[in-house]
Amino acid sequence: MTRRMHLAAHFPGVNNTTVWADPRSRSQIEFSSFEHLARTAERGLFDFFFLAEGLRLREHKGRVHDLDVVGRPESLTVLNALAAVTDRLGLAATVNATFNEPYELARRLATSDHLSGGRAAWNVVTSSDAFTGENFRRGGYLDRADRYSRAAEFVATARELWDSWTPDGVPRPFAHRGRHFDIAGEFGLPRSPQGHPVVIQAGDSDEGREFAASTADVVFTRHSSLEEGRAFSADVKRRLARYGRTPADLKIMPGVGVVLGDTAAEAREKAAVIRRQQTSPQTAILTLEQIWGVDLSSYDPDGPLPDIDPVAEPSLTRGRTRRGDTVAIAEKWRALSREKGLSIRQTVIEAGGRQSFVGTPAAVAAEMEEFVRQDAADGFILVPHLTPGGLDEFVDQVVPLLQERGVFRTEYRGTTLRSHLGLSEPPRLPLSSAP
Amino acid sequence: MLHLAAALDQPSVHDADPYVALARLAEHGGLDFVTLDDTFARPGPDALSVLSRIAPTTGRIGLVPTVTTTHTEPFHVQAAVATLDWVSRGRAGWRIEVSRTEGEARLFGRRHSAPADALWQEADEVADVAARLWDSWEDDAEIRDEATGRFIDRDKLHHVDFTGSAFSVRGPSIVPRPPQGHPVRVIDATDGPARRTAGRHADVALVRAASSAQATAVRDQLRRYAAESGRDPDELRVLASLVVDLGDGEYAAEPGHGGGGPRPTAWGPLYRGGPVDLAELITSWYQEGTVDGFHLVPTEPRRDLERLVNGTVALLQHRGLFRTFYPGSTLREHLGLARPANQYAGETS
Ligand SMILES: Cc1cc2nc3c(=O)[nH]c(=O)nc-3n(C[C@H](O)[C@H](O)[C@H](O)COP(=O)(O)O)c2cc1C
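Residues numbered from 1 in each chain as written. Chains lettered and ligands numbered in written order. Predicted model: local features only at pLDDT ≥ 70, side-chain atom pairs only at ≥ 80, totals over all residues. Heavy atoms only, no water.

Let's talk about the overall build of chain B
- Scanning chain B from N- to C-terminus turns up 10 helices and 13 strands.
- Compactness check: chain B gives a C-alpha radius of gyration of 20 Å against a globular reference of 20 Å for 349 residues, within 12% of the reference.
- Projected onto its principal axes, the C-alpha positions of chain B cover 70 × 45 × 40 Å.
- The buried share among the 349 residues of chain B stands at 62%.
- Here the contacts in chain B between residues at least 6 apart in sequence split such that 75% fall between residues at least 24 apart.
- Counting 37 positive and 49 negative side-chain charges, chain B places the averaged centre of each group 1 Å from the other. (Helix = DSSP H or I, 4+ residues; strand = E, 2+ residues; numbered from the N terminus. Rg over C-alpha atoms; globule rule 2.2 N^0.38 Å. Buried < 20%, exposed > 50% of the residue type's maximum accessible area, 1.4 Å probe, protein only. Contact = heavy atoms within 4.5 Å. Lys, Arg positive; Asp, Glu negative; His and termini not counted. Charge placed at Lys NZ, Arg CZ, Asp CG, Glu CD.)

Examining the packing of helix H8 (residues 275-287) of chain B against helix H9 (residues 301-318) of chain B
Residue and element names in this part refer to chain B.
- Between H8 and H9, whose axes approach to 8 Å, the crossing angle comes to 45°. What the angle tells us is that H8 and H9 run oblique. Note that H8 runs across H9; the crossing there is right-handed. Taking contact as the criterion, the partners of Pro275, Val276, Leu278, Ala279, Ile282 and Thr283 in H8 are, on H9, Arg307, Leu308, Gly311, Thr312, Leu315 and Leu316.
- Partitioning the contact of H8 with H9 into residue classes produces eight nonpolar, three polar and one charged. (Axes fitted to C-alpha atoms, helices over the stretch in contact; angles between N-to-C directions. Parallel < 35°, antiparallel > 145°, perpendicular 65-115°, else oblique. Left-handed = near helix turned anticlockwise from the far one by under 90°. Nonpolar A, V, L, I, M, F, W, Y, C, P; charged D, E, K, R; others polar.)

A short note on the pattern of salt bridges
- Enumeration over the complete set of coordinates arrives at 64 salt bridges over all chains.
- Among the salt bridges present, the one from A:Arg239 reaches A:Asp206, with a minimum N-O distance of 2.9 Å. Here A:Asp206 lies in helix H6 (residues 206-215) and A:Arg239 lies in the loop between helix H7 (226-238) and strand E11 (251-260), a separation of 33 residues in the sequence.
- A salt bridge links B:Asp304 to B:Arg303; the nearest nitrogen and oxygen atoms lie 2.8 Å apart.
- You can call B:Asp304 buried: its relative accessible area is 1%.
- Linked through salt bridges whose partners overlap, the residues forming this network are A:Asp204, A:Asp206, A:Arg209, A:Glu210, A:Asp235, A:Arg238, A:Arg239 and A:Arg242. (Salt bridge = Lys/Arg side-chain N within 4 Å of Asp/Glu carboxyl O.)

A look at the sheet that holds strand E3 (residues 59-60) of chain A
Residue and element names in this part refer to chain A.
- In spatial order, the strands read E4-E3-E12; together these three strands make up an open sheet with antiparallel pairing. Across the chains shown, the open sheet's two edge strands, defined by having one partner strand only, are strand E4 (63-64) and strand E12 (317-318).
- Note: E3 against E12, two bridges, orientation antiparallel. When the bridges of E12 are listed, Glu59 appears paired with Arg318. (Pairing = 2+ DSSP bridges.)

Comments concerning the interface of chain A and chain B
- Opposite the 61 residues of chain A that make contact, chain B presents 65 residues.
- The largest contributions to the chain A side of the interface with chain B come from A:Trp20, A:Arg107 and A:Arg137, which together make up 16% of the buried area.
- Where A:Arg108 meets B:Asp46, a salt bridge forms, and the shortest distance between an N and an O atom there is 3.9 Å.
- The tally of links between chain A and chain B comes to 29 residue pairs in polar contact (both at pLDDT 80 or more).
- Considered class by class, the residues forming the side of chain A that touches chain B number 26 nonpolar, 17 polar and 18 charged. (Buried area = accessible area lost by both parts, 1.4 Å probe. Polar contact = N/O pair within 3.5 Å; in protein donor to acceptor, adjacent residues only side chain to side chain.)

So, the nonpolar core
- Counting 183 residues, the largest nonpolar core has A:Phe46, A:Phe49, A:Phe380 and B:Phe294 as the members making the most contacts within it.
- B:Phe294 has contacts with B:Leu2, B:His3, B:Leu4, B:Ala5, B:Leu239, B:Ala240, B:Leu242, B:Leu281, B:Ile282 and B:Trp285, leaving out every residue within four places of it along the chain.
- Counting 14 residues, the second largest nonpolar core, distinct from the first, contains A:Ala8, A:Leu417, A:Leu421 and A:Leu423. (Core = buried A, V, L, I, M, F, W, Y, C linked by side-chain atoms within 4.5 Å.)

Quick look at the environment of A:Arg318
- Looking at the secondary structure, you find A:Arg318 in strand E12.
- A:Arg318 sits 261 residues away from A:Leu57 along the chain, and the two C-alpha atoms are 8.7 Å apart.

Some remarks on the domain arrangement of chain A
Residue and element names in this part refer to chain A.
- Domain annotation for chain A reports domain 1 (6-262 + 354-421) and domain 2 (280-351).
- Inter-centroid distance (C-alpha atoms) of domain 1 to domain 2 is 30 Å.
- Facing the 11 residues of domain 1 at the interface are 12 residues of domain 2.
- The largest per-residue losses of area from domain 1 upon contact with domain 2 belong to His60, Lys61 and Leu67, which jointly make up 45% of the total buried on that side.
- Where domain 1 packs against domain 2, one counts two salt bridges.
- With its nearest N and O atoms 2.9 Å apart, the salt bridge here joins Lys61 to Glu289. (Domains from an automatic or database assignment.)

Observations regarding empty space enclosed by the protein
- If you walk through the whole model with that rule in mind, you get six cavities of 30 Å³ or more.
- There is about 210 Å³ of room inside the largest cavity.
- In terms of lining, the largest cavity is formed by 17 residues, of which the most central are A:Glu104, A:Arg108, B:Asp46, B:Val67 and B:Thr72.
- Mapped onto the lining of the largest cavity, the elements with two or more residues apiece are helix H3 (102-115) of chain A together with strand E3 (62-68) and helix H3 (74-87) of chain B.
- Reported here for the second largest cavity is a volume of approximately 80 Å³.
- A:Glu53, A:Leu55, A:Glu74, A:Leu76, A:Val95, A:Asn100, A:Arg108, B:His76, B:Ala79 and B:Ile174 together form the lining of the second largest cavity.
- For the lining of the second largest cavity, the residue count by class is five nonpolar, two polar and three charged. (1 Å grid on protein atoms, 1.4 Å probe; cavity = no way out; pocket = protein on both sides within 12 Å on 5 of 7 lines; lining within 4 Å. Points joined across faces, edges and corners; volume = space filled by probe spheres on them.)

Next up, the structure:
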């Protein structure tokens, strides 16, 4: 039997892949932009629409980062509004488990699931720095193990709350006492239309993978080449058995870009233009500064890489995921630059390349199918570089080909996100102990 | 001009459609705004979520959810309210409330309940920091300047560096300044401890008063507090909040009701009678200069709102006391309130 793939749409925004300078680029904040992209995704019969979250504006050299898109609306509120202008599309919100409380967030998510008729999803992220914490009451910082232990208890607690009403709609008292939370009372809402909102995980550490295996329905990953995807997928799915789960219970969905052309050469050319747009001269220098950890503003983006070594613990940039061993990265980049004779900007473009499907619609459809067939992914989260029209071509040109190949749905069978993803409704937890 | 608002509260309703139907009805009547109450203490959906769900299905009416300040994160609250303003294109309000009970505190497990004075002191700080965060982006911060590669002018973004008694926030907000600058802040100022906060921060104060004299007294005090905090008291709208039961519409009002005024009950002053007598009461209080308008809380939402719109409102329109169409598109415009200046504009960050 052919495997069906799942597709989701990422609203492009606060990241260096969004090309805001393109004349077709519209508002990153007005509702009309979200509406256009969500309607396009639903027209393409996508599984869900995805919003990222950041709770502190990124800073570079002590000032707000100003080169990429800055600012976005709050996820759940936008998605609730989108529920009014879509019928079937799943609506996935990234919401931090470190800077929220289970009762309140479980209630907001359950409300969304009720209001959308069972289309809500929650991408559980944990944030990694005290920098973000400066915006919150609970403040501060939890190290990675504690963040994931809190996140796991958070999701477990939310599930207790979601299941706390009896099947005939009577609220029952709950009491949860654990390492992170000690709460009791009655939850505000009956079980929601798909049982529980779908849980998504996006984090790559060992703790993150374990959390995904134990808890998530979907993993959003950056491992998007065929080989990396196969390895990642195998690793995460191998962990499932430990939790009594099977590979079908967890969908792995890398984020990918797609560039289409009438010929392969045209598509490659377009992709090169986009990569240049994504990496302005200023962005190239800034990217380098993030790795080197020192001011490089006097360097020429069209000149060679600096031959000084990076500082070990760069702190110029805050609010962005760490890049790992910066000395090693710098070494690699310098080698790349020497070998191919690349300038700073060209090196950043070359080294920062993300996996994209680049080609004719037919070639892209075939390649996407290959990924799924080879267990490198269960589907894809498309990250267009343009707002809000960045999915129009894909939906018009690639989706029909995927349908012809029999690897993508031709209609929504069910009404809930779980039904699109082929996930069963979670069994009701046994009614919890009264306080 | 008279201002009118109505509550959409419906017990045990979690689906969108019944709220959409009522909001559309209220919009059909040209009301300034609808409210949806909220508390963690009783069953029901999250009010701000419900009103965001309604936003695209309505075009003009203001949307005012209750969002509490006691157990919530100020940073999240301001972002959600600003986003409601974005998705409704300038129709968002925020009814600020506190969580009083130990039962609500137990749902969070972070701290115990506190006296009303302390809770309102904190709410005051939350209102303050929210306004700063809404201003933390100047309106023209987004520049998309290709020559310099800059999406924003970061001199127009500001840290707020707020330290309150129970929290601190560094800022700026993640959400650009919303269409109304500041979404409209509504506070029920019936209880004493809420009044100073209302005087300082509210654009609209609700007063549950059973008589015109009682409403006048509270209104005078609120206007005084507003002036003391450096505001123009004319920038504060005071609405009398009444529970209305229009079930006896075919008959004359009960003795002591209608023309005689509402009766105090445990839920607040209750008006029971017909839509025509309600129009009389509204007309007389309004013409005495008691209040700027009314916030009406139907006991039977579907039935009462229908009678309110087709009976009471129609009559008030006929008398020239209430609008027959929306001349503006934002809630501030309906209320005749100016768009606030940005407190950081001109500063460098
Ligand atoms: C593909 C992907 C997307 C992510 N999106 C977000 C996001 O929108 N907001 C956020 O706060 N963190 C986001 N994260 C960060 C992770 O959720 C996680 O908090 C972080 O990577 C630290 O966890 P780790 O140590 O397991 O990697 C994302 C991570 C990945 C891999």
